[in-house]
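# Report on the structure
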Amino acid sequence: AQSVTQPDIHITVSEGASLELRCNYSYGATPYLFWYVQSPGQGLQLLLKYFSGDTLVQGIKGFEAEFKRSQSSFNLRKPSVHWSDAAEYFCAAEGDYKLSFGAGTTVTVRA
Amino acid sequence: GAGVSQSPRYKVAKRGQDVALRCDPISGHVSLFWYQQALGQGPEFLTYFQNEAQLDKSGLPSDRFFAERPEGSVSTLKIQRTQQEDSAVYLCATREGRNQPQHFGDGTRLSIL
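The following paragraphs examine the structure supplied in this document.

Parameters and conventions
Residues numbered from 1 in each chain as written. Chains lettered and ligands numbered in written order. Predicted model: local features only at pLDDT ≥ 70, side-chain atom pairs only at ≥ 80, totals over all residues. Heavy atoms only, no water. Helix = DSSP H or I, 4+ residues; strand = E, 2+ residues; numbered from the N terminus. Buried < 20%, exposed > 50% of the residue type's maximum accessible area, 1.4 Å probe, protein only. Contact = heavy atoms within 4.5 Å. Areas by Shrake-Rupley, 256 points an atom, 1.4 Å probe, with all protein chains shown as cover. Lys, Arg positive; Asp, Glu negative; His and termini not counted. Charge placed at Lys NZ, Arg CZ, Asp CG, Glu CD. Pairing = 2+ DSSP bridges. Axes fitted to C-alpha atoms, helices over the stretch in contact; angles between N-to-C directions. Phe/Tyr/Trp six-rings, centres within 6.5 Å; stacked < 30°, edge-to-face > 60°.

### Remarks on the overall build of chain B
Across its full length, chain B holds 0 helices and 11 strands. Going from the N terminus to the C terminus, chain B shows its helices and strands as β-β-β-β-β-β-β-β-β-β-β. Dimensions of chain B along its principal axes, counting C-alpha atoms only, are 40 × 25 × 25 Å. Looking at chain B as a whole, 47% of its 113 residues are labelled buried. In chain B, 52% of the contacts between residues at least 6 apart in sequence involve partners at least 24 apart. Of the roughly 5,600 Å² of accessible surface on chain B, a fraction of 44% belongs to carbon and sulfur atoms. Computed over 13 positive and 12 negative side-chain charges, the separation of the two mean positions in chain B equals 5 Å.

Written out as structure tokens, the structure reads:
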């Protein structure tokens with residue numbers, strides 16, 4: 001069955017420190033991959049996407065993600081977090097047309 | 001604005017009532033999706049439209065759920081005889097075409113008392 005796993009439910013990081021959020025997928029073929037961010041009471045905002053090509057993808061707000069086929073992973077990174085990065089982050093995969101989401105990782109930023 | 005617009009933002013209904021949730025897509029976006037997001041969970045697919053055609057409704061939880069997009073633009077998700085387990089955020093997403101990402105609205109938070 002197609003699935004997306006985000007192993008970390010909650011991550012706390014200090015402002016200015018680096019951040020890495022993990023995502024693993026299980027699909028028959030390599031799906032399209034996405035990271036979305038959701039602030040409280042808001043919808044999902046697209047951070048970045050991977051369709052094919054370069055395995056290091058740059059997104060908005062200083063985020064990047066690396067696709068690793070051998071590990072079925074698509075981890076999200078940011079070198080230096082800001083307090084405004086506190087939010088819920090969702091990894092998603094598209095195998096045909098619909099998205100399958102992970103359960104999300106809540107990021108807390110401490111001063 | 002240019003984004004996906006959903007209304008109402010919040011809806012409270014008594015168990016057994018019918019509700020209707022609206023989604024206004026980004027202009028020109030032919031594909032439209034509905035997702036259900038339970039508290040503390042990731043969104044779950046409900047249904048998919050290509051223009052006015054409903055191509056996939058496999059995610060609708062029961063026959064109490066019905067979605068339509070009669071003119072290929074605005075879509076309505078209707079829930080009949082609501083139950084407490086229907087309480088969730090309902091998200092609408094649209095995209096211009098294949099190989100394009102889905103863009104989400106802010107959702108409708110439905111609470112069934």
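Text resumes after the structure shown.
### Looking at the sheet that holds strand β7 (residues 65-68) of chain B
Residues and elements named next belong to chain B. Spatial strand order, β1-β3-β8-β7: 4 strands in an open sheet with antiparallel pairing. Bordering the open sheet on either side are β1 (5-7) and β7, each of which pairs with just one other strand. Taking each pair of neighbouring strands and ignoring which way they run, the sheet shows an average axis angle of 15°.

### Comments concerning the pairing of strand β6 (residues 53-56) of chain B
All names here are of chain B. Bridge count between strand β5 (residues 44-50) and β6: 3 bridges; the pairing is antiparallel. From the neighbouring strand, Tyr 48 faces β6, where its bridge partner is Asp 56. Taking the residues between adjacent antiparallel strands as the criterion, β5 and β6 are bridged by 2 residues, where Asn 51 takes a positive phi near 55°.

### Observations regarding the packing of aromatic side chains
According to the stated counting rule, one finds 18 aromatic pairs over all chains in the structure shown. Considering the side-chain rings of Tyr 25 of chain A and Phe 67 of chain A, the 6.3 Å spacing of their centres and the 20° angle between planes classify their relative orientation as stacked. Placement of the pair is Tyr 25 of chain A in strand β4 (residues 24-26) and Phe 67 of chain A in strand β8 (residues 64-68), with a sequence separation of 42 residues. Judged on exposure class, the residue Tyr 25 of chain A and its partner Phe 67 of chain A are both buried. Judged by centre distance (4.5 Å) and plane angle (20°), the rings of Tyr 50 of chain A and Phe 67 of chain A are stacked. Taken together, the residues Tyr 50 of chain A in strand β6 (residues 44-50) and Phe 67 of chain A in strand β8 connect sequence positions 17 residues apart. Across this residue pair, the class does not change: Tyr 50 of chain A and Phe 67 of chain A are buried. By the ring-pair criterion, three or more aromatic residues cluster together here, those being Tyr 32, Phe 34, Tyr 36, Phe 51, Phe 90, Tyr 97 and Phe 101 of chain A together with Phe 33, Tyr 35, Phe 45, Tyr 48 and Phe 104 of chain B.

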